[in-house]
Amino acid sequence: QQQVRQSPQSLTVWEGETAILNCSYEDSTFNYFPWYQQFPGEGPALLISIRSVSDKKEDGRFTIFFNKREKKLSLHITDSQPGDSATYFCAASETSGSWQLIFGSGTQLTVMP
Amino acid sequence: EAAVTQSPRNKVAVTGGKVTLSCNQTNNHNNMYWYRQDTGHGLRLIHYSYGAGSTEKGDIPDGYKASRPSQENFSLILELATPSQTSVYFCASGDAEQFFGPGTRLTVL
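Presented here is an overview of the structure given in this document. (Residues numbered from 1 in each chain as written. Chains lettered and ligands numbered in written order. Predicted model: local features only at pLDDT ≥ 70, side-chain atom pairs only at ≥ 80, totals over all residues. Heavy atoms only, no water.)

### Remarks on the overall build of chain B
No. 1: Tallying secondary structure elements over chain B gives 0 helices and 11 strands in all.
No. 2: Along chain B, from the amino end to the carboxyl end, the secondary structure elements read β-β-β-β-β-β-β-β-β-β-β.
No. 3: The principal-axis extents of the C-alpha atoms in chain B amount to approximately 35 × 25 × 25 Å.
No. 4: In chain B, buried positions account for 52% of the 109 residues.
No. 5: Looking at chain B alone, contacts between residues at least 24 apart form 53% of all its contacts between residues at least 6 apart.
No. 6: Total accessible area computed for chain B in this model is approximately 4,900 Å², and 48% of it derives from carbon and sulfur atoms.
No. 7: Positive and negative side-chain charges in chain B, numbering 9 and 9 respectively, have mean positions lying 10 Å apart. (Helix = DSSP H or I, 4+ residues; strand = E, 2+ residues; numbered from the N terminus. Buried < 20%, exposed > 50% of the residue type's maximum accessible area, 1.4 Å probe, protein only. Contact = heavy atoms within 4.5 Å. Areas by Shrake-Rupley, 256 points an atom, 1.4 Å probe, with all protein chains shown as cover. Lys, Arg positive; Asp, Glu negative; His and termini not counted. Charge placed at Lys NZ, Arg CZ, Asp CG, Glu CD.)

### Some words on the pattern of salt bridges
All names here are of chain B.
No. 1: Tallied over the full model, the rule gives 7 salt bridges over all chains.
No. 2: For the salt bridge of R36 with D38, the shortest nitrogen-to-oxygen distance reads 2.8 Å.
No. 3: Taking the relative accessible area as the measure of exposure, D38 reaches 16% and is therefore buried.
No. 4: Among the ionic contacts, a cluster of salt bridges with common partners joins R36, D38 and R44. (Salt bridge = Lys/Arg side-chain N within 4 Å of Asp/Glu carboxyl O.)

### Thoughts on unusual backbone geometry
No. 1: With an omega of -10°, the peptide bond between S7 of chain A and P8 of chain A qualifies as cis.
No. 2: Note the cis peptide between S7 of chain B and P8 of chain B, where omega equals -5°.
No. 3: By the element assignment, P8 of chain B lies in the loop between β1 (4-7) and β2 (10-13).
No. 4: Within the chain, K71 of chain A stands out as a residue other than glycine whose phi angle is a positive 55°.

Below, the structure is given as structure tokens:
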């Protein structure tokens, strides 16, 4: 039972293009959605996050769009750079004491120079 | 900046053997977590802790035990390792933002 789904599994874009990574969830009690970026051989690192009271969160070239009614969100990476090549994980949590994260299976992004 | 370290970084174990993975954090976070990462599954939570002396089951706790002897240290214990436990294991600390260690690659032969 996958509570958080991501698509596509892999994505290749050219340098300068916008990469769009998709995520959906099932549990309506989730109200916090972080995206983590992972480079090979390293642990994941928080990239950007959004809470369910917002429909958009922007941080430089990275923007999360959130649709609570459809239980969907997407990460847009504008002006993609080769250094953005990594695996991106969408996660979901309730903002409670344990902060248990449910992770999607990830999108492997490759940015071609 | 939060620092989470794991040891060992690589481990080869035999089926039926005992394996202990260690994690240390220096940012004084109450919450710590153990995940495993497998292709196609993302990261799955095994055990977590609210503080010293506390351990809680995550989503896939079977075959694993955890120990939190202090605020800084959180261990994952495989009493009888099996080949299905071959994976990359990550420790993390924090709450809204979780800081991950570099991972331990475990191979059970």
